[in-house]
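Descriptive analysis of the structure
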Amino acid sequence: MPKTLITTPNSKIRLKDISAEPPKGMTKAKAEKRFAVLGRELFDLQDAMWGAKVNSVLVVLQGRDSAGKDGTIKHVAGCLNPRGVSVASFGVPTAEEREHDFLWRVHKHAPRRGEFALFNRSHYEDVLVVRVHDLAPKQLWQQRYGHIRDFEELLAEHGTIVLKYFLHITKDEQEERLLEREKEAETAWKLNPNDWKERDHWDEYTEAYEDAISRTAAPHAPWTVVPANSKWYRNLVVAESIVGALRDHRKHWKKTLEDMGKAGRAGLAAYRAEISGRKKTKSRKR
Ligand code: ATP
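Residues numbered from 1 in each chain as written. Predicted model: local features only at pLDDT ≥ 70, side-chain atom pairs only at ≥ 80, totals over all residues. Heavy atoms only, no water.

Overview of the packing of aromatic side chains
As enumerated under the stated definition, the model contains four aromatic pairs in all. Ring geometry for F90 versus F119: centroids 5.0 Å apart, planes at 70 degrees, classification edge-to-face. Highlighted residues: F90 in the loop between β3 (85–89) and α3 (95–98) and F119 in strand β4 (residues 116–120), separated in sequence by 29 residues. Note on F119: relative accessible area 1%, which makes it buried. Ring centres of Y124 and W223 lie 4.9 Å apart, and the angle between their planes is 70 degrees; on these two criteria the pair is classed as edge-to-face. Of this pair, Y124 sits in the loop between β4 and α5 (129–132) while W223 sits in strand β6 (residues 223–227), and the two are 99 residues apart along the sequence. We classify Y124 as buried; its relative accessible area is 0%. Cation over ring: K108 sits above W104, and NZ or CZ is 3.6 Å from the ring centre. (Phe/Tyr/Trp six-rings, centres within 6.5 Å; stacked < 30°, edge-to-face > 60°. Helix = DSSP H or I, 4+ residues; strand = E, 2+ residues; numbered from the N terminus. Buried < 20%, exposed > 50% of the residue type's maximum accessible area, 1.4 Å probe, protein only. Lys NZ or Arg CZ within 6 Å of the ring centre and 35° of its normal.)

Quick look at the structure:
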């Protein structure tokens, strides 16, 4: 079985060898039940992280049109306390964004300590769509892998838990989803002829994704290739992965909260002692 969690740089990735389907034996009912359990755990972990203010989480969601980036955000964010969550979507750069380096528009959405940031597309577009459509010279976009590695290392050094997901769907599944959109009145607003045009570049995108994943995977910024042909399995994989990554920090956050609690109590005790000392001095003076 090819690996779907990629933590080492320059690993050989072949998307066509990775199944986009749920594993045998996995059912929608099982996945949804497990997702509900994970959702509660995620909420608790977020609460601890929010209070401790030592880490933050950046979830990067990449995938082809209709791969389910929005749906994943809806489900994951639905488990979280909105107080500590932001969502940023990255479309075609504006004129102002184009006047800056490619990370300028991204860096300002990086999460502050205690918070979650969910990215719908990201800085990776600058080595994906830009590469496939020759929107910048090769020499320029090639340098970006290094810039991305440095950027994510900087975030990690600051305490950001960086988690990157490629939502992996097949070409047939995409076609079905796009046709479905067209049929349903409630989803027709999402129709965009560009989605069909982009399908003509399927193989070039595959190559671009494989390179992006391989060149930027790191232990502090892993990629997960998510089998995403089933929405319920996709949600489960992402939730399982986020909770797994946060669990490693739980002890530290709980200890930080405990120390903060002790310091808070000590501060309160000192304040009360001071008040009562002042009262005694006053009554002696009378
Ligand atoms: P989505 O396709 O993500 O569901 P959408 O159809 O509403 O969203 P937008 O969010 O407005 O579209 O923009 C997404 C489009 O912007 C994609 O086609 C993407 O390739 C393109 N895009 C994102 N970043 C860049 C970039 N740096 N350069 C060029 N195009 C980009």
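Some remarks on the site of the ligand
G91, V92, R105, R121 and E125 are the nearest of the 13 residues found near the ligand. Note that an oxygen atom of the ligand is positioned 3.4 Å from one of the side-chain N or O atoms of D65. Between the ligand and the protein, one listed contact pairs a nitrogen atom with a side-chain N or O atom of D126 at 3.2 Å. Summarising the interface, the protein chains cover 68% of the accessible area of the ligand, which totals 630 Å² for the free molecule. Within the shell around the ligand, the residues separate by chemical class into six nonpolar, one polar and six charged. (Near = heavy atom within 4 Å. Polar contact = N/O pair within 3.5 Å; in protein donor to acceptor, adjacent residues only side chain to side chain. Areas by Shrake-Rupley, 256 points an atom, 1.4 Å probe, with all protein chains shown as cover. Nonpolar A, V, L, I, M, F, W, Y, C, P; charged D, E, K, R; others polar.)

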